[in-house]
Amino acid sequence: MLVIKKQNHTRINVLLPEIKAMLADGKLQREVAEYYIRDLYDNSIVIYKTATNQNVNLVLNTIKAAKKKEKVTAELQLHSDQGAQYASEAYFELTQRYGITPSMSRRGNPYDNALAENFFSILKTECIYRTKINSFAEARALIDDYIFFYNHQRIQSKTKLTPLELRRQFAA
């Protein structure tokens with residue numbers, strides 16, 4: 001296991017990225033940033049937030065919403081790339097307060113983020129690339145609809161269940 005030192009904090013490498021979607025007007029070329037938290041037991045998207053740019057507040061608000069929704073953070077590991085928002089003091093303090101172990105990918109190693117990249121590949125292929133997005137509001141609505149579909153209706157090939165069906169089986 002790789003240990004990375006950043007801003008005097010030790011982070012253990014144990015998932016997170018952003019999605020870029022082009023608006024239909026080629027001149028705009030804005031990014032739609034998305035931060036999500038995925039449960040690796042059932043592959044469900046626990047919580048996600050979208051914004052017009054990736055910043056520390058997007059990340060912090062997503063983590064806070066996940067904590068409020070799930071109520072469990074004991075033994076939770078939260079993986080990210082090496083973006084500035086994940087190296088910030090605010091991110092480190094929030095993860096410590098919630099008892100979350102932060103984790104970062106190694107520089108230039110795409111395999112560390114494979115699970116996150118896999119979800120974004122699915123989202124892009126099954127959703128984003130199939131439509132012309134004309135505004136941030138359209139992009140947000142499209143992503144909202146897709147993540148609902150992904151959690152509630154999309155059968156996972158490995159389990160033959162949707163993510164939330166698998167979660168319900170575990171809880172029963």
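The notes below deal with the structure included here. (Residues numbered from 1 in each chain as written. Predicted model: local features only at pLDDT ≥ 70, side-chain atom pairs only at ≥ 80, totals over all residues. Heavy atoms only, no water.)

## Topic: the overall build of the protein
Okay, so step 1: Scanning the protein from terminus to terminus reveals 5 helices and 6 strands.
Okay, so step 2: In sequence order, the protein lays out its α and β elements as β-β-β-β-α-β-α-β-α-α-α.
Okay, so step 3: For the protein, the proportion of its 172 residues judged to be buried stands at 44%.
Okay, so step 4: If you sum the accessible surface of the protein, you get close to 9800 Å²; carbon and sulfur atoms cover 52% of it. (Helix = DSSP H or I, 4+ residues; strand = E, 2+ residues; numbered from the N terminus. Buried < 20%, exposed > 50% of the residue type's maximum accessible area, 1.4 Å probe, protein only. Areas by Shrake-Rupley, 256 points an atom, 1.4 Å probe, with all protein chains shown as cover.)

## Concerning the nonpolar core
Okay, so step 1: Ranked by internal contacts, the top residues of the largest apolar core, which has 19 residues, are Tyr35, Ile37, Ile63, Leu78 and Tyr91.
Okay, so step 2: Listing elements by their share of this core, those giving two or more residues are strand E3 (33–38), strand E4 (45–51), helix H1 (56–70) and helix H2 (89–98).
Okay, so step 3: Take this core: its biggest share by element is 6 residues, from H1.
Okay, so step 4: By size, the runner-up hydrophobic cluster in this structure holds 15 residues, among which are Ile45, Phe120, Leu123 and Ala139. (Core = buried A, V, L, I, M, F, W, Y, C linked by side-chain atoms within 4.5 Å.)

## Focus on the pairing of strand E6 (residues 101–104)
Okay, so step 1: Sheet topology note: the strand E5 (residues 77–80)/E6 ladder contains 4 bridges and is parallel. The residue bridging Gln77 from the neighbouring strand is Thr101, located in E6.
Okay, so step 2: Running through H2, the crossover from E5 to the neighbouring parallel element E6 is right-handed. (Pairing = 2+ DSSP bridges. Right-handed = clockwise from strand over helix to strand, strands pointing away.)

## Side note on the packing of helix H3 (residues 114–126) against helix H4 (residues 136–152)
Okay, so step 1: Direction vectors running N to C along H3 and H4 enclose 115 degrees, while the axes themselves pass 11 Å from each other. The element H3 and its partner H4 pack so that their crossing is right-handed. Note on element contacts: H4 touches H3 through Tyr146, Ile147, Phe149 and Tyr150, opposite Phe119, Ile122, Leu123 and Glu126. (Axes fitted to C-alpha atoms, helices over the stretch in contact; angles between N-to-C directions. Left-handed = near helix turned anticlockwise from the far one by under 90°. Contact = heavy atoms within 4.5 Å.)

## What to know about the packing of H1 against H2
Okay, so step 1: Interhelical geometry of H1 versus H2 gives an angle of 10 degrees and a closest axis separation of 10 Å. The angle between H1 and H2 places the two elements in the roughly parallel class. Touching Val59, Leu60, Ile63, Lys64 and Lys67 of H1 are Ala90, Tyr91, Leu94 and Tyr98, all from H2.
Okay, so step 2: Across the contact of H1 with H2, the residue classes tally to 7 nonpolar, no polar and 2 charged. (Parallel < 35°, antiparallel > 145°, perpendicular 65-115°, else oblique. Nonpolar A, V, L, I, M, F, W, Y, C, P; charged D, E, K, R; others polar.)

## Some points on the packing of aromatic side chains
Okay, so step 1: Counted by the stated rule, this structure contains 9 aromatic pairs.
Okay, so step 2: Taken together, a centroid distance of 5.2 Å and an interplanar angle of 70 degrees make the contact between Tyr36 and Phe120 edge-to-face. Taken as a pair, Tyr36 in strand E3 and Phe120 in helix H3 lie far apart in primary sequence, 84 residues in all.
Okay, so step 3: For Tyr36, a relative accessible area of 1% puts it in the buried group. (Phe/Tyr/Trp six-rings, centres within 6.5 Å; stacked < 30°, edge-to-face > 60°.)

## Focus on unusual backbone geometry
Okay, so step 1: In this structure, Asn43 is a non-glycine residue whose phi angle is positive, near 65 degrees.
Okay, so step 2: If you trace the backbone, Asn43 turns up in the loop between E3 and E4.
Okay, so step 3: Judged by its relative accessible area of 22%, Asn43 falls in the partly exposed class.
Okay, so step 4: With a phi angle near 65 degrees, Lys160 is a residue other than glycine that sits in the positive phi range.

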